Amino acid sequence: MLWWCSAQGIPWTWTWRPYVGVWLFVLLIAAAYVYWHRAAQPGDSTRARRWAAGGGIAVVWLLLDWPVGALGAGYLESVHALQFLGMSFIASPLLLVGLPAGWESRLGPRATAWLRALAHPLQAIIVFNLIVIATHVPAIVDALMTTQLGSMVIDAGWIAGGLLFWWPVLRAWPSRLTAAARLAYMLAGVTLHMGVGMFYVVANVPLYRVYELAPRIAGIDPLDDQGRAGGIMMAGDVALGLGAIAILLWLWGREEAKRAEQG
Amino acid sequence: MRFRALAVALGLGLLAACSGGGGGAEKAKASTPAGRYHGATLTPPLPQPDFTLTTTDGKPFHFKAETQGYVSLLFFGYTHCPDVCPVHMANLASVLDRLPVGTAGSIKVIFVTVDPARDTPRELRKWLDHFRPSFIGLWGSLAEVNQVQSRFGMPATEIEKLPDGSYAVGHGAAVIASVGDSVRVLYPFGVRQADWLEDLPRLVAAIPREHKAD
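This one's a predicted model, so the numbers in the text were calculated from it and none came from an experiment.

Parameters and conventions
- In this numbering scheme, every chain counts its residues from 1 along its sequence in written order.
- To label them, take the chains in the order written and letter them from A, then take the ligands in the order written and number them from 1.
- Note on the predicted model: pLDDT of at least 70 is required for a residue's local features to be given, and 80 or more for side-chain atom pairs to be given and counted; whole-chain, interface and lining totals, by contrast, use all residues.
- Each helix corresponds to a stretch of at least 4 residues labelled H or I by DSSP, and each strand to a stretch of at least 2 residues labelled E; elements are numbered beginning at the N terminus.
- Partly exposed residues are those whose C-beta has more than 12 but fewer than 20 other C-beta atoms within 10 Å; 20 or more makes a residue buried and 12 or fewer makes it exposed, with C-beta atoms placed from the backbone.
- By the convention adopted here, residues are in contact when the distance between their C-beta atoms, placed from the backbone, does not exceed 7 Å.
- Strand pairing is assigned whenever DSSP identifies at least 2 bridges connecting the two strands.
- Here, a nonpolar core means buried Ala, Val, Leu, Ile, Met, Phe, Trp, Tyr and Cys residues linked by C-beta atoms lying within 7 Å of one another.
- What counts as an axis is a line fitted to C-alpha atoms, over the stretch in contact for a helix, and the angles between N-to-C directions run from 0 to 180 degrees.
- For classification purposes, angles smaller than 35 degrees are called roughly parallel, those larger than 145 roughly antiparallel, those between 65 and 115 roughly perpendicular, and all remaining angles oblique.
- Should the near helix be turned anticlockwise from the far one by less than a right angle, the crossing is left-handed, and should it be turned clockwise, the crossing is right-handed.

1. Examining the overall build of chain B
Scanning chain B from N- to C-terminus turns up eight helices and ten strands. By residue count, 41% of the 214 residues in chain B fall in the buried class. Taking as baseline every contact in chain B between residues at least 6 positions apart, the subset at least 24 positions apart corresponds to 71%.

In structure tokens:
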């Protein structure tokens, strides 16, 4: 019985395998959301928020469990890149939107203090980018991905980093960013892994031992796969960046229009 | 331009981190002194054993004569191998594609099947062509192949029956690199493309001038 998807060095098969730790992790998140929504004030737990939470939990499960989790952990870097994008930029914002309104106000004083410190945009972007760097450095990835605990640390780091990154954009607490500030923040957030993606594309050797020496799937060359991973990261960043810019520009325009009306 | 500069800066950082730790091959790289290779370097080099097996075209292949003036990378494996053999072959093929034509042309990759019962010459050729058509496939009876392996100090082939009625083949995982008529380096499984890219030109440069192939 396996706890978490990691690089096992064994040939890939399409035989289903259970990953108990992934199930427990997903169940824990689901249980927390059920509790929070039940404990919320009637108006704070809307259907849209519950759907967002369900969507976020489903994406986490899909990305961590077999087969995606196993392929990404030990065989294909391109799948690993999809996991990163999915967890940081799809699951995390959905999970944040899925929190009941005013969720922060029910935290204890210590948790509030921690969240207040980490959710500041400057701290959030620094910690998020540090997590991105740390989880893409070859020596760290090669060391962590070969153990179930290490692989879990990377996955949990991406989700935690994603939650932190999206917090100042999606939760208007402790401070509310203007649309222009959100735009700048988003650009700062996607620029670094755009660079990581570009480096994957231009590198002339496979960077990660774990993928280079993994048993091949359908003869896929690790260098080609690395290029594909870079392409996925860049395409994801462009889509996300353009999407976010479009939304934020629209919000910005709306704010300006409101201000003009009031002035 | 900004992204390109960032990519270069990040790349340098990643490479710095890469050379600072990680797996065995990387550690070997970090500690490889000048003049040594990323595999187990034989000092002094051993005289290259000679043998004759059959190519996938059915012609005799006299190892010593055919590899004179070349770097030879000899590997004992089998086409049903699920892990080590295809990874070694794919990495070598990928590296040879990126070396200058003159350097790649001075290297002969020779794959000797340790599973002659299943690896017919035709199957062997088809499998090797998937990686690189220039790879040489050699075939012989299991007794002959075991004899050749023992001359190179490699373990004899072991057959392990599997529950589904098929079998797995136990074999050495090292690539044996010879230059001219001497065995120089044993590359274990775990050697990476970056290591090959660094070592192969050096091995080619070590071919004695009088032996160099035209």
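2. Things to note about unusual backbone geometry
Of note, the amide linkage connecting A:Trp66 to A:Pro67 takes the cis form, showing an omega dihedral of 5 degrees. Mapping A:Pro67 onto the fold places it in the loop between helix 2 (47-64) and helix 3 (68-74). For the bond running from B:Thr43 to B:Pro44, omega is 0 degrees, close enough to zero to count as cis. Even without being glycine, A:Ala218 reaches a positive phi, approximately 50 degrees. Examined against the element boundaries, A:Ala218 turns out to sit in the loop between helix 10 (209-212) and helix 11 (222-262).

3. Section: the pairing of strand 7 (residues 158-161) of chain B
All names here are of chain B. In this sheet, strand 8 (residues 167-170) lies alongside strand 7 in antiparallel orientation, the contact comprising four bridges. In the sheet register, glutamate 160 faces strand 8, and the bridge partner there is alanine 168. Taking the residues between adjacent antiparallel strands as the criterion, strand 7 and strand 8 are bridged by five residues, where glycine 165 takes a positive phi near 95 degrees.

4. Notes on the nonpolar core
In terms of nonpolar packing, the biggest core is built from 114 residues, with B:Val71, B:Leu73, B:Phe111 and B:Val112 touching the most fellow members. In terms of residues, this core owes the most to one element, helix 4 (residues 77-97) of chain A, which gives eleven residues. In this structure B:Val71 touches B:Ser106, B:Ile107, B:Ala177, B:Val179, B:Leu200, B:Leu203, B:Val204 and B:Ile207, once residues within four positions along its chain are discounted.

5. With respect to the packing of helix 8 (residues 148-170) of chain A against helix 9 (residues 179-202) of chain A
All names here are of chain A. Across the interface, helix 8 lies against helix 9 with an axial gap of 10 Å and an inter-helix angle of 165 degrees. The angle between helix 8 and helix 9 falls in the class roughly antiparallel. As for how helix 8 packs across helix 9, the hand of that crossing is left-handed. Contacts between helix 8 and helix 9 involve Phe165, Pro168 and Val169 from the former and Arg182, Tyr185, Met186 and Gly189 from the latter.

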